[in-house]
Every structure is written in structure tokens, then in C-alpha cells.
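Observations on the model geometry
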Amino acid sequence: QAAHEARNELNAARFKREEHVLFAALAWCALADPTRGLRLACAASHQWYRLADYSTGRHWLRRFVDAPGADAMSRAAALHNLGLLEERCGAFQDSYPYLARARDLYDVLGESFEVAHTNVRLADLYYMTSGQPELAEALCRAALPAFEAVADDTGMAWIYSVLGRACMGRRAQAEVERYFDLSYAHTVRSTDWHAQAWMYSVAGDFDLDFDHFARAE
């Protein structure tokens, strides 16, 4: 884990050093090749997200997301990433349509896991910003089979956390705690310390009893 984090830090440092070259390439693409610009901005958006430079990523993806001639998979990925960056910038109402468009494109392409993944992103938004826990719960439940099929512990930790939060105050406390137990169990198995720290943050935010997490192990 430490070696992986060190590599990420080195990659991030190199990205920042060479970012001026990327900006020049994107500016050229905006004039001469918007389709290539979309692919380039989409690839770079992962680093901008990691570096918390959300507004820069949003600026460039907004510029290219509707570039003519882009293949459907590239456009879907760009829409999805732009939706995430809009959310991180606090532009929640702008995030919804981008994520919904991405989900619809993934559905047309038969990318069932990407549909499920985007639905959980939308569920998180519906819960956090629009007071629609019922819709958030429905989207999570629809997405669960796709997550179970790939056995991704980090993903499963995420979806059960969203489901638990969406059910709080609406379902029995035992059911809500079971979802958080499952989220915690998958978090521990993922060996992702970022996910583990986030899980404890969620528990603190919702005043959950930490002792009940011991059952999940």
C-alpha cells in the first residue's frame, strides 16, 4: 500500500511539472481536433480529480464533452467524469444531467457495470442534495447485482454505505446497521486505507456505535 501511494505521489508530481504542455495540447485540440481533445481531457481528469483541481478538470471537459465525432464510449467516460467534477465543485444541479447522459450511453453500449456504477453516483447525489432517499435506495438496490458479480470490495463498501445512509430513518435500525456492517467488512477486505478512513468518518457523521462494527470482521 505504501509503495502504491508513493508511486501515485510521484506520478502526481510529474503531472504538475508537465501540465503546461498538456494545456498547450488541449488548446491546440480545441482549434484543430476536438475529438482528440475530449480523449485527452478525459484521461487527464483522473489526475485533476486526484489532485483536487476540480475546476481545471471541469473547464476542459466542459469544452470538449460535446465534441463532434467522438465515439460513444469516450463520450460516456467524459460525461461521467465531468459529472463527478461538477459535484466536487458544488455544482450539484449540473452534475445530474451529465451523469444521467453517461448512464444512458453506457446502457446503449451494453456496459452494465458502468451503468450500475453511475447509478450509485446518482444515488449518492440524490441522497445528499435533493432529499430523495427513496430514489437513492432504489438505484443502489438495482446496482447491487453488478457490483456483486465483479467482487470489488472497495465498490461494495461504497454501495452499502450509500444504501445505509439512504435507509436511515426509513428502515429498521437493525437493517441500517447491517448495511453499515457490510460496508465496513468490505472496506477492511479492500485494504484501501482511504476507504477505511472514510468509513469511520461516515460512522462519526451519523453517530453510529463503533462497537457494532466488530461483528463485521
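This text follows the structure it describes.
Now for a description of the structure that goes with this document. (Residues numbered from 1 in each chain as written. Predicted model: local features only at pLDDT ≥ 70, side-chain atom pairs only at ≥ 80, totals over all residues. Heavy atoms only, no water.)

The next subject is the nonpolar core. Ranked by internal contacts, the top residues of the largest apolar core, which has 27 residues, are Val120, Phe147, Ile159, Tyr160 and Leu163. Of all the secondary structure elements, the ones that give two or more residues to this core are α6 (92–108), α7 (112–129), α8 (133–150), α9 (153–167) and α10 (173–190). Among the elements that line this core, the one with the most residues is α9, at 8 residues. Beyond its immediate stretch of four places on either side in the chain, valine 120 contacts Ala143, Phe147, Trp158, Ile159 and Val162. In terms of nonpolar packing, the next biggest core, distinct from the first, is built from 24 residues, Phe15, Ala41, Tyr98 and Val115 among them. (Core = buried A, V, L, I, M, F, W, Y, C linked by side-chain atoms within 4.5 Å. Buried < 20%, exposed > 50% of the residue type's maximum accessible area, 1.4 Å probe, protein only. Helix = DSSP H or I, 4+ residues; strand = E, 2+ residues; numbered from the N terminus. Contact = heavy atoms within 4.5 Å.)

With that out of the way, let us pick up the pattern of salt bridges. Tallied over the entire structure, the rule returns 16 salt bridges. A salt bridge links arginine 14 to glutamate 18; the shortest N-O distance between them is 3.3 Å. Close ionic contact of glutamate 137 with arginine 170 constitutes a salt bridge, the shortest N to O distance being 2.9 Å. Taken together, the residues span a long stretch of sequence, with glutamate 137 in helix α8 and arginine 170 in the loop between α9 and α10 at a distance of 33 residues. The exposure class of glutamate 137 is buried, given its relative accessible area of 4%. Salt bridges here are not isolated pairs; linked through shared partners, they connect Glu134, Glu137, Arg141, Arg170, Arg171 and Glu175. (Salt bridge = Lys/Arg side-chain N within 4 Å of Asp/Glu carboxyl O.)

The next point concerns the packing of aromatic side chains. Evaluated as defined, the whole model comprises 9 aromatic pairs. Residues tryptophan 60 and phenylalanine 64 carry aromatic rings whose centres are separated by 6.2 Å and whose planes lie at 15 degrees to one another, so their mutual orientation is stacked. In this pair, tryptophan 60 and phenylalanine 64 are both assigned in helix α4 (residues 54–64), 4 residues apart and thus about one turn of the helix distant. The class of tryptophan 60 is buried, set by a relative accessible area of 9%. By relative accessible area, which is 2% here, phenylalanine 64 ends up buried. Following the ring pairs from residue to residue traces out a cluster consisting of Phe15, Phe23, Trp48, Trp60 and Phe64. (Phe/Tyr/Trp six-rings, centres within 6.5 Å; stacked < 30°, edge-to-face > 60°.)

Our focus in this paragraph is the packing of helix α3 (residues 34–50) against helix α5 (residues 72–88). One way to put it is that α3 packs onto α5 with a least axis distance of 9 Å and a crossing angle of 35 degrees. Regarding α3 and α5, the two cross each other, and that crossing is left-handed. Contact residues: Leu38, Arg39, Cys42, Ser45, His46 and Tyr49 in α3; Ser74, Arg75, Ala77, Ala78, Asn81, Leu84, Leu85 and Arg88 in α5. Looking at the contact of α3 with α5, its residues break down into 7 nonpolar, 4 polar and 3 charged. (Axes fitted to C-alpha atoms, helices over the stretch in contact; angles between N-to-C directions. Left-handed = near helix turned anticlockwise from the far one by under 90°. Nonpolar A, V, L, I, M, F, W, Y, C, P; charged D, E, K, R; others polar.)

Shape is all these values report; function is a separate question.
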